[in-house]
Amino acid sequence: MSDFTPKITAFVCNWCTYAGADLTGTSRMKYSANVKIIRFPCTGRVDFMLLLKAFDNGADGIIVSGCHPNDCHYTSGNFHARRRWIVFRNLCDFMGIDSRRITFSWVSAAEGGKWAEIVNSTTEKVIELGPYKRYSQISKDGFINEFEKGTING
Amino acid sequence: MSMEIKSIQKDSLDKLFNSLKSRGNLIYAPVKVKNEVQFDFVEKFEQITDDFIQTTQSVKNSVFPKIETLFKFVKTGKEVKMLDMDMSLIPEIVIWGIHPCDVWGFDSLRAIFTWDTHDMFFEKRMDKLTIIGMSCAKADDYCFCTSVNLGPGSTKGSDVLLTKTGNGDYIAELVSDKGKALATSMPDVFVQAVQSKKEDFLVVVEKRFDSESLIPKMQKKETFDSPFWVTNSLRCLGCGACAYVCPTCACFDIQDEGYGARNIRFRCWDSCGLKQFTIHTSGHNPREVQSQRWRQRLMHKFAYMPERNKVTGCVGCGKCSRACPVDMNIAEQLQEIDQKM
Amino acid sequence: MDSLRRKAQQLLESKEVDCIIGYNEGSSGNVHAGFITTPGQAEKLIFDDRCKQNLGVYLTKHEVMRLGKLAIVAPVPVMRTVLILTYECQIVENSVKVLGIGLDGQFLDFNEYADIEKYLTDHCNEHPEEDKKLIEKISAMSVEERWDFWHETLKPCIKCFACRQACPMCYCVRCQVECNQPQWIPVQSSELGNMEWHFMRAMHLAGRCTGCGDCGRSCPLGIPVHLLTFKMSDVVLDNFNTKAGLTIKEPSTLSTYKANDKETFIR
Ligand code: SF4
Ligand code: SF4
Ligand code: SF4
Ligand code: SF4
């Protein structure tokens, strides 16, 4: 599995983590390049279905990151998000979606170093877990396989 | 078509199975799964059971699958290339041990799918089907086949209809040319008929109403406008359970799915019971409330299909009533209409 | 049961209500929902072990709402439904008359919803033992086994939506599965689509499920989807110490937050 480059999707809020990631770049800190960042106004806006869609489209790991508690640009978006993720992680576990593949974090605009660390450690973790086959078999990979075979509905 | 009658001895039924299998057919037969019996593709004769009244789902999946891919399309730059499905991949299927009501369900489907445009997927799948029916020795009070011109020993639609006799041997009625050809090709399985009468081995299903008298009543305007529909559907939840288990319900939706360049267009089951079924883009919904959707379901089967397709859209299997979470009993309601209207 | 019938009759005679939603004898030994509109029909009301449907589902149904002022026969899950629907502004406080049936099967005549809140503080329904056991069994599996379990269990789902339609909390005018711009969840019954559909519904029911079990009971294929929402109730109880539908004063778990909510996984 050494040549496996995991695909990681990051859902970050505009005000803290996105600015933090920007700082990582401007400070010329190195971090894994396999992460695709998607910017949101707020973690409160990150619908749980978006995370499932990331897996659906072939992500092996996910990062969700926003402002520290009490720092939300909209006052309470991240508090709402926190509740949602508590429930969400439990449901993932119960349905067998591997929650180790999802990193949740608070990264402020000043924490360029922390962002690099989050991305790097998530990448390492996902490399250890390998490609997320169980999910992709019934989504993207499974679809493409059937498509190429041209099977008439099993 | 004159019907030939043969018999099959109880210990040669597996021979029939094995020869069909060795000729490359897939065999779709009732099997026991946990506490239920359902149709599935079987490998071994021993997996099959005949100890059931009805399966929850019908066998329409075999000719009208939950998902039928109609074509594929590939996008490259601005170009879209369409690719036809390879129809030669559609397998030969033998449906084994299916009850007469379910068998006749194929006829309703045929009436719809070949009404004006002939649906090539449906027709191809139908062509590849061999139907070995099994008449009913058991029924429950949801069954009402005799009210819609069928019965526990009806041969309509089967290629071969088997009836189990008292000593375990089967009476085999060769209904269609396909059935006759099958029997001719297996002379050691289909042997000389015995002297038993099949009626002796059939369950008695009480007639609840008469579709001949019901249909004109359903077609009257007063019936359509009657408050009956609201009163009798207040508890209906508006799900798709009744339509999805029904052997004759044929409504579908057409959708696209794909990842990047590779896409498919397919049809999948839909139901007139769901409020989304008729909603327009504007948001207007001509069937605004559930009573109109429930009325549509019964009207389609007992007023519109008889008029347009010359068939009744219901075979009296009672699957919808068994599947309904809130005990909407179709036979009971039809009986009431027949008596009151 | 006599007191229930007597009360029903009196409510209809005095025209205090126009329709009583209750249980009636159905076909083939089943019971089903009945809509009683005249005092004479009150006789038809029954209540026994077979009466499990959560009648609260009808409180948001147009044709039922049009019948006028309503009363409802309400075992505990229905009481909880009434309270949630009140908080969620689907019905007005005290507008639907609640003919309660306690955990012990006794008739309870509630005058206002505050009385229901009081009753529920120490009479809340629990998940049936067999469901608890199943949840435990699933929880004891490895994450891969759980995925395989649900994958196999949900595969036969035909997406008939009986589970959703039977659920009194799934009253959305447009369910998320029906939103197609973008298409969140595949419309058809497919392996991925089935997993996503039930995942989504479980999230929407977290902190709102009344524990009636009607979603699982309604499934024509016997798929135990209620285990998902039941599990979510356990999660909500463990993490936020709340149960759905015990009061009309507090929002459901996921519509609110506390500054000191505890978790251990956010870095
Ligand atoms: S309408 Fe009901 S009884 Fe008639 S064929 Fe369909 S499922 Fe069977
Ligand atoms: S009749 Fe029953 S199965 Fe059919 S839509 Fe109504 S509730 Fe669902
Ligand atoms: S599943 Fe969610 S969106 Fe759909 S009806 Fe239920 S609560 Fe509403
Ligand atoms: S009721 Fe059962 S089959 Fe229908 S959508 Fe729900 S889980 Fe699927």
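Residues numbered from 1 in each chain as written. Chains lettered and ligands numbered in written order. Predicted model: local features only at pLDDT ≥ 70, side-chain atom pairs only at ≥ 80, totals over all residues. Heavy atoms only, no water.

Visitor: Could you give me a rundown of the sheet that holds strand β12 (residues 262-269) of chain B, with the residues and numbers involved?
Guide: What holds strands together in a sheet is hydrogen bonding between their backbones, with the strands either parallel or antiparallel. All names here are of chain B. In space, the 4 strands of this open sheet follow the order β5-β4-β12-β11, with antiparallel pairing throughout. Of all strands in the sheet, those with a lone pairing partner are β5 (79-84) and β11 (252-259), marking the two edges. Neighbour-to-neighbour, the strand axes of this sheet turn through a mean angle of 25 degrees, independent of strand direction. One ladder, built from 6 bridges, connects strand β4 (residues 67-76) with β5; its direction is antiparallel. Across the sheet, the residue bridging to Phe71 is Asp84, located in β5. (Pairing = 2+ DSSP bridges. Helix = DSSP H or I, 4+ residues; strand = E, 2+ residues; numbered from the N terminus. Axes fitted to C-alpha atoms, helices over the stretch in contact; angles between N-to-C directions.)

Visitor: Just give me the short version of helix α9 (residues 290-308) of chain B, but keep the residues and values in it.
Guide: Residue and element names in this part refer to chain B. Along α9, the sharpest change in direction is near 50 degrees and occurs at Met299. The element α9 is extensively covered by neighbouring structure, given that 14 of its 19 residues are classed as buried. Phi turns positive, to about 60 degrees, at Lys310, one or two residues after α9. (Bend = angle between axes of the 7 residues up to and from the residue. Buried < 20%, exposed > 50% of the residue type's maximum accessible area, 1.4 Å probe, protein only.)

Visitor: Can you lay out the site of ligand 3 for me, pointing to particular residues and giving the numbers?
Guide: Residue and element names in this part refer to chain C. Near ligand 3 the following residues occur: Arg164, Cys170, Cys172, Cys175, Gln176, Trp197, Arg201 and His204. Looking at the shell around ligand 3 element by element, the count peaks at 3 residues for helix α8 (residues 191-205). Per-class residue counts for the shell around ligand 3 are 4 nonpolar, 2 polar and 2 charged. (Near = heavy atom within 4 Å. Nonpolar A, V, L, I, M, F, W, Y, C, P; charged D, E, K, R; others polar.)

Visitor: Break down the interface of chain C and chain B for me, citing the residues and quoting the values.
Guide: Each partner contributes residues to the interface: chain C has 42 residues there, and chain B has 38 residues. A combined buried area of about 2800 Å² lies between chain C and chain B, and 55% of that area is made up of carbon and sulfur atoms. When the buried area of chain C at its contact with chain B is split by residue, C:Glu63, C:Ile158 and C:Gln188 rank highest and sum to 21% of it. Put simply, chain C and chain B have 0 salt bridges between them. Remark: the boundary between chain C and chain B carries 18 residue pairs in polar contact (both at pLDDT 80 or more). Class assignment of the residues belonging to the side of chain C that touches chain B gives a composition of 21 nonpolar, 13 polar and 8 charged. (Contact = heavy atoms within 4.5 Å. Buried area = accessible area lost by both parts, 1.4 Å probe. Salt bridge = Lys/Arg side-chain N within 4 Å of Asp/Glu carboxyl O. Polar contact = N/O pair within 3.5 Å; in protein donor to acceptor, adjacent residues only side chain to side chain.)

Visitor: If you had to explain the interface of chain A and chain C to someone new, which residues and values would you point to?
Guide: Taken together, the 40 residues of chain A in the interface contact 45 residues of chain C. Carbon and sulfur atoms make up 71% of the surface buried where chain A meets chain C, a total of about 4100 Å² over both sides. Per-residue buried area on chain A facing chain C is highest for A:Arg83, A:Phe94 and A:Met95; these three make up 23% of the total on that side. The tally of links between chain A and chain C comes to 4 salt bridges. Where chain A touches chain C, the interface holds 14 residue pairs in polar contact (both at pLDDT 80 or more). The set of elements that each furnish at least two residues to the side of chain A that touches chain C consists of α2 (48-56), α3 (77-95), β4 (102-106), α4 (112-129) and α5 (133-138) of chain A. Ranked by residue count, the leading element in the side of chain A that touches chain C is α3(A), at 16 residues. Its residues assigned to classes, the side of chain A that touches chain C shows 19 nonpolar, 8 polar and 13 charged.

Visitor: Tell me about the domain arrangement of chain C, residues and numbers included.
Guide: All names here are of chain C. Each assigned domain of chain C is listed here: domain 1 (2-122) and domain 2 (129-255). Centre-to-centre separation of domain 1 and domain 2, based on C-alpha positions: 25 Å. Contacts between the two partners involve 20 residues from domain 1, matched on the other side by 22 residues from domain 2. Together, the buried faces of domain 1 and domain 2 total about 1800 Å²; carbon and sulfur atoms form 59% of this surface. Our enumeration of links across domain 1 and domain 2 arrives at 2 salt bridges. Applying the counting rule to domain 1 against domain 2 returns 9 residue pairs in polar contact (both at pLDDT 80 or more). Counting only elements with at least two residues in the side of domain 1 that touches domain 2, the list comes to α3 (76-87) and α4 (113-121). Sorting elements by how many residues they give to the side of domain 1 that touches domain 2 places α3 first, with 8 residues. (Domains from an automatic or database assignment.)

Visitor: Lay out the pairing of β12(B) in plain terms, naming residues and giving numbers.
Guide: Residues and elements named next belong to chain B. Across the 8 residues of β12, 6 count as buried, placing the element largely inside the fold. As paired strands, β4 and β12 are joined by 7 bridges and run antiparallel to one another. Within β12, the position partnered with Thr69 by the bridge is Phe266. From the end of β11 to the start of β12, which pair antiparallel, there are 2 residues, and Gly260 there has a positive phi angle of about 60 degrees.

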